[in-house]
Amino acid sequence: MLYNTEARLPYIKPEDMNEKQKKFYDIHINAFQTMPYVWLTDNKELNGPSNVLCHEIDLGMEFLPLNRDIIKTNVERNGWAAHEIAILVTVTAAKGQYGMYAHSMLAKQNGKLTDEQIASIMAGVKPADLGEKESAAFDLAVALNGVGAIPGSVYDHSVKVLGQAGVNSMVFAVGMFKMVGTILNAYNEPVPEYR
């Protein structure tokens, strides 16, 4: 059962995929096994942004490795908790339902965030019990999801806490997930029930 059942692009059955789509599908099968959210339908079709990317497979084959590299770099520089806080801020700001669903679970599993912290972040409130890095990630993500240049005080504090390389990777991660939110919203990707 799904909360949102009005997807604008049909799911592609594995047996109906072309060679590139099948390769994209196999990458997911191999890499997504530990994901704590539903990324396959009951009929074994890709869902979420992966469904859209499978329809535009040339872009999908470019997007997926870039997405994985940006996540890997940001986690290496800033840690899982800071990464997932920034992504939760971003997908919530975009109102990307599938992203909110998936990253609330990833924030728990990988970021070790509590339900209370996740609820606060998704309500637009910075939890009081965040560490310095996590707090800076929240502030930077909030600023990046606003309109126009971010305040100098936010940028300077982020560089002080995360370092220039940490800020750089956080900016790329937030930008990537702003695009994911846009994809999810344009195609109204359904959200599986929380299980």
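Look up a bit, the structure's there.
Let us look at the structure shown here. (Residues numbered from 1 in each chain as written. Predicted model: local features only at pLDDT ≥ 70, side-chain atom pairs only at ≥ 80, totals over all residues. Heavy atoms only, no water.)

### Description of the environment of V171
And step 1. Locating V171 in the fold gives a position in helix α8 (residues 152-187).
And step 2. With relative accessibility at 37%, the residue V171 sits in the partly exposed group.
And step 3. Expressed as a C-alpha distance, the spacing of V171 and K126, which sit 45 residues apart in the sequence, is 19 Å. (Helix = DSSP H or I, 4+ residues; strand = E, 2+ residues; numbered from the N terminus. Buried < 20%, exposed > 50% of the residue type's maximum accessible area, 1.4 Å probe, protein only.)

### Some thoughts on the packing of aromatic side chains
And step 1. Enumeration according to the criterion identifies four aromatic pairs in this entry.
And step 2. Between the aromatic rings of F32 and W39, the centroid separation amounts to 5.6 Å while the plane-to-plane angle is 65°, which identifies the pairing as edge-to-face.
And step 3. A residue is classified by how much of its surface remains accessible, and F32, at 6% relative accessible area, is buried.
And step 4. Each ring, one from Y98 and one from Y101, has its centre 5.5 Å from the other, and the planes form 65°; the classification is edge-to-face. On the criterion of helical spacing, the pair formed by Y98 and Y101 is a turn pair, its members being three residues apart in helix α5 (residues 97-109).
And step 5. Judged by relative accessible area, which is 1%, Y101 ranks as buried. (Phe/Tyr/Trp six-rings, centres within 6.5 Å; stacked < 30°, edge-to-face > 60°.)

### Section: the pattern of salt bridges
And step 1. Tallying each qualifying case throughout the model produces six salt bridges.
And step 2. E76 is paired through a salt bridge with K72; the nearest N and O atoms lie 2.9 Å apart. Taken together, the residues span about one helical turn, with E76 and K72 both in helix α3 (residues 57-78) at a distance of four residues.
And step 3. Between D139 and K126 there is a salt bridge whose closest N-O contact spans 3.0 Å. Note that D139 is positioned in helix α7 (residues 132-144) and K126 in the loop between α6 (115-122) and α7, a separation of 13 residues in sequence.
And step 4. Given the relative accessible area of 31%, K126 is considered partly exposed. (Salt bridge = Lys/Arg side-chain N within 4 Å of Asp/Glu carboxyl O.)

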